[in-house]
Amino acid sequence: MGVPTGRDGANSKIIPAPSASTDLAEGRRLRRVGLTATGGYVPDRILSNQDLEALVDTSDEWIVSRTGMRERRIVAPGEAASDLAVKAAERALEDSQLEAKDIELIIVATVTPDAICPPTACFVQEKLGVGPAAGFDISVACSGFANALSIGHNLIASGAFGNALVIGVDVLSAITDYQDRESCILFGDGAGAVVLEPEPGKGIILDHLLGIDGSGAEMIIVPAGGSRKPASHETVEAREHFLKLNGRQVFRFAVSKMREIVVELTKRNGMTVDDVDLFVPHQANLRIIESAAEKLNISEDRILVNIQKTGNTSAASIPMALDEAVRTNRLEPGNLVCTVAFGGGLSWGASLVRW
Ligand code: UT7
């Protein structure tokens, strides 16, 4: 299977570079796919830098200067990923021509599902009244939405489904150790959703570049609660059910990987970084975004940044930022959008969308 190079339709490492007349084994043709609506949601409760000063040895000045974050949103007790996902999905559906009952496929990217089993997609399906539909969760940490978007795109392009609701949601506060000052200042909760349909749509999805590198698996990890180390009194006492982070190493990886994949993705689509009108990066740290932007020679006005009020919302970060770009009229027809994510795995993913 060749390196994907398509500019105008479905592609990824799964499906060969498309053309309007590509025939699949089943005799179906690849269709172009539009991103027809977006929605975002954050819970009401604000966790400010001042609130964090009361929890750990930190300061508003340190957090702002090292991360760009001023506040983040945190769920209320009992509120879970599917609750946020449903709100974001409702907002996306309001802006689309579809009703919940018309949705054929739900993909939820999350590392903080309502429960280990069943998939959060099932809770979303039931609460939204979607279907009959197919659905599943995927877990690729902060790169989850990029992977979910690629899967949804390709499943619609192939004709397997007529539309999809693709959601990125995380409740990182559920796995954050509020005694660990290096990580607890970073994370917030939220959800973002997009509706995908065969074109015409608002944004035509062009291409995705995805990857993982398990040699960095320990850099961002929740050590206990999985099959390697099931939850026990001991693991809870050792606080191993919380996310552990090597922030400094991730920082270095993130800057170089963001630069690398943006260059590669634009190049293989016959474009350059200068052709991109708006970058929508994963909101992990303002300094990571600024360093990557400097290496890519991208000016501030071409980057969507909302980290000051959201913190790092993991899989929700990119769809929430994309929704903000839409609702604040940052996008005009014809604009080229590049989303770019990195995170636990290590993992990464970038997408190109022609608005
Ligand atoms: O989305 C993927 C997941 N996200 C990430 O992996 C985050 C990526 N990394 C980062 O955002 C940054 O590395 C951090 C914000 C986590 C840390 O910033 P840094 O500039 O890399 O700081 P550092 O780790 O080099 O620490 C500098 C100092 C240390 O003290 P010493 O050793 O110089 O005395 C830390 O102990 O800052 C100290 N420090 C803090 N001080 C006040 C670490 N966290 C805090 C804190 N408040 N919250």
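In case you missed it, the structure is sitting above this.
Residues numbered from 1 in each chain as written. Predicted model: local features only at pLDDT ≥ 70, side-chain atom pairs only at ≥ 80, totals over all residues. Heavy atoms only, no water.

### Overview of the site of the ligand
Then, number 1: Around the ligand, 22 residues are found, and the nearest of them are Thr58, Arg181, Arg248, Asn285 and Asn312.
Then, number 2: Within the contact set of the ligand, a nitrogen atom lies 3.3 Å away from a side-chain nitrogen or oxygen of tryptophan 62.
Then, number 3: In isolation the ligand has 950 Å² of accessible area, and contact with the protein removes 78% of it.
Then, number 4: For the shell around the ligand, the secondary-structure elements that each account for two or more residues are helix H2 (60-67), helix H6 (181-184), helix H8 (247-268) and helix H9 (286-296).
Then, number 5: In the shell around the ligand, the residues fall into ten nonpolar, six polar and six charged. (Near = heavy atom within 4 Å. Polar contact = N/O pair within 3.5 Å; in protein donor to acceptor, adjacent residues only side chain to side chain. Areas by Shrake-Rupley, 256 points an atom, 1.4 Å probe, with all protein chains shown as cover. Helix = DSSP H or I, 4+ residues; strand = E, 2+ residues; numbered from the N terminus. Nonpolar A, V, L, I, M, F, W, Y, C, P; charged D, E, K, R; others polar.)

### So, a positive patch on the surface
Then, number 1: The grouping of Arg66, Arg248, Arg252 and Arg287 at the surface amounts to a positive patch.
Then, number 2: One can find arginine 248 in helix H8. (Patch = residues over 30% accessible without salt bridge, like charges linked within 9 Å, V, L, I, M, F, W, Y side chains within 5 Å. Salt bridge = Lys/Arg side-chain N within 4 Å of Asp/Glu carboxyl O. Lys, Arg positive; Asp, Glu negative; His and termini not counted. Charge placed at Lys NZ, Arg CZ, Asp CG, Glu CD.)

### Describing the side chain of serine 347
Then, number 1: You can see serine 347 is positioned in strand S13 (residues 347-354).
Then, number 2: A distance of 2.7 Å separates the side chain of serine 347 from the backbone oxygen of glycine 344, its partner in a polar contact.
Then, number 3: Among residues more than four places away in sequence, those in contact with serine 347 are Val140, Ser143, Gly211, Ile212, Phe253 and Phe342. (Contact = heavy atoms within 4.5 Å.)

### A word on helix H11 (residues 317-327)
Then, number 1: Within H11, nine of the eleven residues are buried, which leaves it mostly tucked inside the rest of the structure.
Then, number 2: All buried positions along H11 are accounted for by Ser317, Ile318, Pro319, Met320, Ala321, Leu322, Asp323, Ala325 and Val326. (Buried < 20%, exposed > 50% of the residue type's maximum accessible area, 1.4 Å probe, protein only.)

### Notes on the pairing of strand S6 (residues 164-171)
Then, number 1: Extensive coverage of S6 is indicated by the burial of eight of its eight residues.
Then, number 2: Neither face of S6 is left uncovered, since the one carrying Ala164, Val166, Gly168 and Asp170 and the one carrying Leu165, Ile167, Val169 and Val171 both have all their residues buried.
Then, number 3: Alignment of strand S4 (residues 105-109) against S6, held across four bridges, turns out to be parallel. For isoleucine 106, the partnering residue across the bridge sits in S6 and is leucine 165.
Then, number 4: In the sheet, S6 pairs with strand S7 (residues 189-198) via eight bridges, with the strands oriented antiparallel. Its bridge partner lying in S7, alanine 164 is registered against leucine 196. (Pairing = 2+ DSSP bridges.)

### Overview of the packing of aromatic side chains
Then, number 1: Counted according to the given criterion, the structure contains one aromatic pair.
Then, number 2: Considering the side-chain rings of phenylalanine 253 and tryptophan 348, the 6.1 Å spacing of their centres and the 55° angle between planes classify their relative orientation as tilted. Taken together, the residues span a long stretch of sequence, with phenylalanine 253 in helix H8 and tryptophan 348 in strand S13 at a distance of 95 residues.
Then, number 3: For phenylalanine 253, a relative accessible area of 14% corresponds to the buried category. (Phe/Tyr/Trp six-rings, centres within 6.5 Å; stacked < 30°, edge-to-face > 60°.)

### Focus: the packing of H8 against H9
Then, number 1: Between H8 and H9, whose axes approach to 9 Å, the crossing angle comes to 40°. Looking at the two axes, H8 sits oblique to H9. For the crossing formed where H8 meets H9, the hand is right-handed. Across the interface between the two elements, Phe251, Ala254, Val255, Met258, Arg259, Val262 and Val263 of H8 pack against Arg287, Ile288, Ser291, Ala292, Lys295 and Leu296 of H9.
Then, number 2: Per-class residue counts for the contact of H8 with H9 are nine nonpolar, one polar and three charged. (Axes fitted to C-alpha atoms, helices over the stretch in contact; angles between N-to-C directions. Parallel < 35°, antiparallel > 145°, perpendicular 65-115°, else oblique. Left-handed = near helix turned anticlockwise from the far one by under 90°.)

### Focus: the nonpolar core
The nonpolar side chains of a soluble globular protein tend to be buried with one another.
Then, number 1: Grouped together as the largest cluster of nonpolar side chains are 48 residues, with contacts concentrated most on Val262, Phe279, Ile288, Ile298, Phe342 and Leu352.
Then, number 2: Of all the elements in the fold, those that place two or more residues in this core are strand S8 (203-212), H8, H9, strand S12 (336-343) and S13.
Then, number 3: With nine residues, H8 is the largest single contributor of residues to this core.
Then, number 4: For leucine 352, the residues in contact, after removing those within four places along its chain, are Ile204, Ile205, Leu206, Asp207, Leu265, Thr266, Asn269, Met271, Leu336, Val337 and Cys338. (Core = buried A, V, L, I, M, F, W, Y, C linked by side-chain atoms within 4.5 Å.)

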